[in-house]
Amino acid sequence: MGGHCLSDLRALGRLGAVRILVIGTGAREHAITRALSLDTEAHELHAAPGNPGIGQLATLHAVDQLDPEAVAGLALAIGAELVVVGPEAPLAAGVSDAVRQVGIPVFGPAGAAARLESSKAFAKEVMAAAGVPTAMAHVCTSLDEVAAALDAFGAPFVVKDDGLAAGKGVVVTEDRDAALEHAAACLEKPEGRLVVEEYLDGPEVSLFCIADGADVVPLVPAQDFKRVGDGDAGPNTGGMGAYSPLDWAPEGLVEEVLERIARPTVAEMARRGTPFSGVLYVGLALTSRGTRVVEFNARFGDPETQVVLARLRSPLAALLLASATGTLAELPPLRWAEEAAVTVVVASEGYPGSVRSGDPITGIEDAESIEGVHVLHAGTALVPRPAGDDDAAPGEGVLVSAGGRVLSVVGIGADLAAARETVYAGVEQVELAGSHHRSDIALAALEGRVAVPGV
Ligand code: AMP
Ligand code: GLY
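Reading the values: rules and limits
- Residues numbered from 1 in each chain as written.
- Chains lettered and ligands numbered in written order.
- Predicted model: local features only at pLDDT ≥ 70, side-chain atom pairs only at ≥ 80, totals over all residues.
- Heavy atoms only, no water.
- Near = heavy atom within 4 Å.
- Polar contact = N/O pair within 3.5 Å; in protein donor to acceptor, adjacent residues only side chain to side chain.
- Areas by Shrake-Rupley, 256 points an atom, 1.4 Å probe, with all protein chains shown as cover.
- Nonpolar A, V, L, I, M, F, W, Y, C, P; charged D, E, K, R; others polar.
- Pairing = 2+ DSSP bridges.
- Helix = DSSP H or I, 4+ residues; strand = E, 2+ residues; numbered from the N terminus.
- Axes fitted to C-alpha atoms, helices over the stretch in contact; angles between N-to-C directions.
- Contact = heavy atoms within 4.5 Å.
- Buried < 20%, exposed > 50% of the residue type's maximum accessible area, 1.4 Å probe, protein only.
- Phe/Tyr/Trp six-rings, centres within 6.5 Å; stacked < 30°, edge-to-face > 60°.
- Lys NZ or Arg CZ within 6 Å of the ring centre and 35° of its normal.
- Core = buried A, V, L, I, M, F, W, Y, C linked by side-chain atoms within 4.5 Å.

Moving on, we get to the site of ligand 2. Surveying the vicinity of ligand 2 reveals the residues Asp224, Lys226, Gly238, Tyr281, Asn297, Arg299, Gly301, Asp302, Pro303 and Glu304. One nitrogen or oxygen atom from the side chain of Asp224 is found 2.8 Å from a nitrogen atom belonging to ligand 2. Glu304 places a polar side-chain atom, nitrogen or oxygen, 2.7 Å from a nitrogen atom of ligand 2. A total of 190 Å² of accessible area belongs to ligand 2 in isolation, and the protein chains cover 90% of it. Tallied by class, the residues present in the shell around ligand 2 amount to 2 nonpolar, 3 polar and 5 charged.

Right under this line is the structure:
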């Protein structure tokens with residue numbers, strides 16, 4: 001973009017190619033980078049620290065994503081015109097503040113606004129002030145308060161650690177002792193605080209609302225599968241799969257969430273002097289008593305992003321830049337593919353417990369040779385090929401597992417049935433010793449077994 005500033009370019013009626021730095025290491029960031037690479041403008045893409053999949057699309061930089069000064073320094077050094085912060089931890093660490101401070105547009109909220117995710121008690125306070133429907137909740141700092149709150153709400157019990165806990169801070173249980181035990185563990189942490197909540201029945205929906213401090217643009221809803229096993233068995237994970245669209249969702253859901261939840265929340269944050277820009281991830285339960293917020297996050301969800309962005313037909317860079325520069329109101333309406341997308345996460349042996357790493361991954365090319373399949377990397381690494389492997393090109397490494405969630409395989413099809421078939425055909429091609437995945441992603445929706453209770 002040479003010496004033009006963004007507003008000059010907007011005046012010219014075009015955005016042009018943008019130099020973009022994506023922060024993060026997961027399949028969500030791979031999905032973001034991939035979508036940016038598919039814009040008709042040929043953006044110059046960089047990522048830090050990235051992963052081997054992202055490295056096929058962007059220049060990687062070995063910079064600590066939790067070090068705000070280092071990220072801002074990198075953004076300056078490469079002349080980034082937009083920085084996109086993927087995960088919650090860099091946001092909470094103040095990475096977006098540091099980048100904004102050096103004058104570079106950043107997609108992602110300031111640390112003070114990211115508290116909507118990093119403190120559940122804060123989120124509840126904002127929801128109460130904004131009149132946003134959510135579960136009734138008590139913030140507790142002692143076990144006596146916890147016991148009283150549990151008894152007031154009754155079973156099933158919901159106990160949430162106040163701080164960031166990578167999806168593992170929430171316990172939902174029929175067992176009062178187990179609820180108390182989790183509460184005691186939360187309280188043991190320094191400044192330990194927790195939230196005891198009313199149980200919300202009904203299916204969950206994730207809706208990403210892009211904000212620029214004042215305006216809000218919703219994306220399309222998706223559904224995520226948080227438990228490790230088929231039929232929602234086993235412990236919570238970061239997410240094992242997702243699909244979009246949700247044909248079973250009530251008509252008007254997006255409009256309702258926009259008017260009753262996202263806009264009032266963004267307005268309340270602005271009123272407090274901590275305007276929210278980036279993604280307001282609205283986690284919903286569609287209960288017998290109406291739509292309720294289960295949680296807010298301050299970033300794109302993983303793995304929902306993999307299916308939502310697979311359906312986006314408008315240029316992603318323009319959307320993220322409009323959020324970063326406070327110009328969402330000028331953005332043309334988003335366009336979406338009618339097709340369905342399903343993603344299935346391939347996880348390492350042991351996930352979500354302690355996992356085995358370093359196993360070779362093969363079959364990605366075979367998977368991607370299937371029409372409608374693409375494979376996104378999460379916990380992967382390239383290691384040097386063993387000596388004597390003459391087939392390899394010089395410098396080429398071996399792809400191995402390096403974390404819990406290893407790959408997100410995405411399938412696109414004319415409808416949910418086709419997308420599901422496609423994604424599982426792709427998953428079948430992937431070989432990773434000891435790996436596991438859910439085999440029922442999007443199945444209940446396909447079979448008409450998802451419904452709002454009492455409707
Ligand atoms: P959170 O970290 O707040 O998203 O909670 C993680 C998961 O716990 C959610 O996706 C829900 O499946 C479940 N959960 C959280 N809060 C409630 C609630 N009040 N009632 C029922 N389930 C809940
Ligand atoms: N998919 C759940 C999350 O990103 O928190």
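Okay, back to it.
Sheet architecture is open: 4 strands sit in the order β6-β9-β7-β8, paired in antiparallel fashion. One side of each edge strand has no neighbouring strand; the edge strands of this open sheet are β6 (137-140) and β8 (170-173). Across the sheet, the mean angle from the axis of one strand to that of its neighbour is 20°, orientation sign disregarded. One ladder, built from 4 bridges, connects β6 with strand β9 (residues 194-197); its direction is antiparallel. Residue Cys140 lies in a different strand from β9, and its bridge partner there is Leu194. Against the sheet, helix α8 (residues 143-153) makes contact with β6, β7 (157-161) and β9, and its axis sits at roughly 170° relative to β6, the strand it touches most. Strands β6, β7, β8 and β9 of the sheet are contacted by helix α9 (residues 176-188), whose axis makes an angle of about 10° with β7.

Another aspect to go through is helix α12 (residues 316-324). Counted residue by residue, α12 has 8 buried out of 9 residues, so it is predominantly covered. By the burial criterion, the buried members of α12 are Leu316, Ala317, Leu319, Leu320, Leu321, Ala322, Ser323 and Ala324. Taken from the residues just after α12, Gly326 is the one with a positive phi, measuring 70°.

Okay, the packing of aromatic side chains next. Applying the stated rule across the entire model yields 4 aromatic pairs. Seen from their ring centres, Phe208 and Tyr281 are 5.3 Å apart, and the 45° between their planes marks the pair as tilted. With Phe208 in strand β10 (residues 204-212) and Tyr281 in strand β16 (residues 277-287), the pair connects residues that are 73 residues apart, well separated along the chain. By relative accessible area, which is 3% here, Tyr281 ends up buried. Ring pairing ties together the aromatic residues Phe107, Phe208, Tyr281 and Phe300, which thus form one cluster. For Arg115, the ring lying beneath its charged end belongs to Phe122, and the centroid distance is 4.3 Å.

By nearness alone, 13 residues border ligand 1, and Glu197, Leu200, Glu204, Lys226 and Glu295 come closest of all. One nitrogen or oxygen atom from the side chain of Lys160 is found 2.9 Å from an oxygen atom belonging to ligand 1. Lys226 places a side-chain nitrogen or oxygen 2.9 Å from an oxygen atom of ligand 1. Bound to the protein, ligand 1 loses 90% of the 470 Å² it would expose on its own. Looking at the shell around ligand 1, the elements with two or more residues in it are β7, β8 and β17 (290-297).

Looking now at the nonpolar core. Counting residues in hydrophobic clusters, the biggest one holds 77 residues, and the most contacted among them are Leu21, Val83, Leu116, Tyr243, Trp248, Val282 and Phe296. For this core, the leading source of residues is helix α10 (residues 253-271), giving 7 residues. Not counting residues within four places of it along the chain, the set of residues in contact with Val282 comprises Val205, Ser206, Leu207, Cys209, Val257, Ile261, Val293, Glu295 and Phe296. The next biggest cluster of nonpolar side chains, apart from the first, holds 43 residues, and it includes Leu219, Leu319, Leu376 and Val410.

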